[in-house]
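So you can see what is in the structure, the chains are spelled out below.
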Amino acid sequence: MCAITRVDSMGLSATLMPALAPSMLKNIKLVQYFGGIIAVFWVSFSALAIFAWLGLGSAADSLHEVHDNRMHKAEQLSQMADQATRNRMEILLMFQHDPAGPLAGIHDHATELHLDNFAKRREESDRLWASVLKGDHDEAEQALLKQIEAARGEWRAKSNAAIQAIRESRFTPEVTASYLAAGRTEGEAMLKSLAALNDHQQIAAKEAADSADQRYHMATVAFLVLAVGLGTPASLLALYVLRRMRQGFAQADESTKAIAAGDLTHSSYTDGNDEIAQLLNHMELMRVNLIRVLSEVLQSADSIQVASSEVAAGNADLSHRTEQTASNLQQTASSTEELGVTVRQNADNAHQANQLAQGASEVASRGGVVVAEVVDTMKGINDSSRRIADII
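As the structure is a computational prediction, the values presented were derived from the model and not from experiment.

Draft legend 1. Focus on the overall build of the protein chain. The number of helices and strands found in the protein chain is six helices and zero strands. Out of the 392 residues belonging to the protein chain, those deemed buried represent 26%.

Draft legend 2. Local environment of the packing of aromatic side chains. Scanning the entire structure with this criterion turns up three aromatic pairs. Seen from their ring centres, Phe 95 and Tyr 179 are 5.9 Å apart, and the 45° between their planes marks the pair as tilted. Here Phe 95 is found in helix H2 (residues 30-95), whereas its partner Tyr 179 is found in helix H5 (residues 173-260), with 84 residues between them in sequence. You can call Tyr 179 buried: its relative accessible area is 4%. Taken together, a centroid distance of 5.7 Å and an interplanar angle of 35° make the contact between Trp 155 and Tyr 179 tilted.

Draft legend 3. Main features of empty space enclosed by the protein. Within the structure shown, the criterion is met by one cavity of 30 Å³ or more. The computed volume of the largest cavity comes to approximately 160 Å³. What lines the largest cavity is a set of 15 residues, and nearest its centre among them are Arg 122, Ser 125, Arg 152, Trp 155 and Met 190. Only H2, helix H3 (111-133), helix H4 (139-167) and H5 provide two or more residues apiece to the lining of the largest cavity. Of all the elements, H3 adds the most residues to the lining of the largest cavity, at five residues. Of the residues belonging to the lining of the largest cavity, the class tally is six nonpolar, four polar and five charged.

Draft legend 4. Representation of the nonpolar core in the model. Counting 28 residues, the largest nonpolar core has Leu 77, Met 80, Ile 91, Phe 95, Val 132, Met 190 and Leu 197 as the members making the most contacts within it. For this core, the secondary-structure elements that each account for two or more residues are H2, H3, H4 and H5. Here the element with the most residues in this core is H4; it accounts for nine residues. Met 80 has contacts with Ser 125, Leu 128, Trp 129, Val 132, Arg 152 and Leu 194, leaving out every residue within four places of it along the chain.

Draft legend 5. How the structure looks around a nonpolar patch on the surface. Taken together, the side chains of Leu 236, Leu 239 and Leu 242 present a nonpolar region at the surface, about 310 Å² in accessible area. On the secondary structure map, Leu 236 appears in helix H5.

Draft legend 6. Layout of the packing of H3 against H4. Following both chains from N to C, one finds H3 and H4 inclined at 165°, their axes separated by 13 Å at the closest point. Judged by the angle between their axes, H3 and H4 are roughly antiparallel. H3 and H4 meet at a crossing whose hand is left-handed. Where H3 approaches H4, its residues Thr 111, Leu 115, Phe 118, Arg 122, Ser 125, Asp 126, Trp 129, Val 132 and Leu 133 are matched on the opposing element by Leu 145, Ile 148, Glu 149, Arg 152, Arg 156, Ser 159, Asn 160, Ile 163, Ile 166 and Arg 167.

Rules behind the numbers
Residues numbered from 1 in each chain as written. Predicted model: local features only at pLDDT ≥ 70, side-chain atom pairs only at ≥ 80, totals over all residues. Heavy atoms only, no water. Helix = DSSP H or I, 4+ residues; strand = E, 2+ residues; numbered from the N terminus. Buried < 20%, exposed > 50% of the residue type's maximum accessible area, 1.4 Å probe, protein only. Phe/Tyr/Trp six-rings, centres within 6.5 Å; stacked < 30°, edge-to-face > 60°. 1 Å grid on protein atoms, 1.4 Å probe; cavity = no way out; pocket = protein on both sides within 12 Å on 5 of 7 lines; lining within 4 Å. Points joined across faces, edges and corners; volume = space filled by probe spheres on them. Nonpolar A, V, L, I, M, F, W, Y, C, P; charged D, E, K, R; others polar. Core = buried A, V, L, I, M, F, W, Y, C linked by side-chain atoms within 4.5 Å. Contact = heavy atoms within 4.5 Å. Patch = residues over 30% accessible without salt bridge, like charges linked within 9 Å, V, L, I, M, F, W, Y side chains within 5 Å. Areas by Shrake-Rupley, 256 points an atom, 1.4 Å probe, with all protein chains shown as cover. Salt bridge = Lys/Arg side-chain N within 4 Å of Asp/Glu carboxyl O. Axes fitted to C-alpha atoms, helices over the stretch in contact; angles between N-to-C directions. Parallel < 35°, antiparallel > 145°, perpendicular 65-115°, else oblique. Left-handed = near helix turned anticlockwise from the far one by under 90°.

Right, here's the structure in full:
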């Protein structure tokens, strides 16, 4: 058993709890740390998910704006321009069916074929125009739409006049010249207005794409800021918890090794109120209680040593007395032997005395008889003396 220095447990307890204000971090439970880390993780995840959702939603809206509203309308306007150009050519082909003209013989079909094609393209153009008019429009788009509507009306009137003349078989040079002049003016004005709206849609589509790209970059920056702003504190908090646990367990391991080796001078007290601090302080309380118990054991051992010395002295005295008693017993045994001889002699003498007493008894018996006779004789003398006295 290792030597242990006796310590005043009350004085030691007073020195184990220095008046140190525990830091705020050490007063927080490790469970609360982990709860905070999980909460920060979910807040970060939720915030990033919301930003990602908003960013993707904004990008989707921009793409929808680009595709459905801008590029789709631009495609429809291009189709309208193509249909208008084709119908211009269709009317020119109709003028070639002039029976008096030099090109009438090259056509092996009737004029109605061109009329049907013209009607189908115009119907398709009207459908496309109705689709373009749907939805919301900005101010510039509304102005361009009004311009196209006016140009279409003017070009439609000129086209209808030419179609009516063809139906009436009026293939005169004046009608042809009027149509060609209308194509260079009203027709080109309509195509230019369609091209202007098409350009506006393409420019708006590019602006929407640039806006979506800008929002994408903003969402990326916000994502990085949130990841760094929320992830860094959570990481630092996790590192602090790991360092706290590593230091606490290392201190606990050092204290347990010291106690196992019999060294009770190593203090494990620490400030704080977390699980690590509670573990170390409980170990410190155990060390103090061990010192107190060992101190009491040492005091009891000292008392036992004193009592053992007294018992040893008493045993020595008892041994001396026992030796004296043995000597006395030996003397008593010798005396007892002499007493036995004396008793035997006394017994012999008593036997002789008994025999003498028996002889004396016999003599006494005979003397008793004689005495009785003497008494009777004396009684008779007494009676005789009484009678004599009475006589006298």
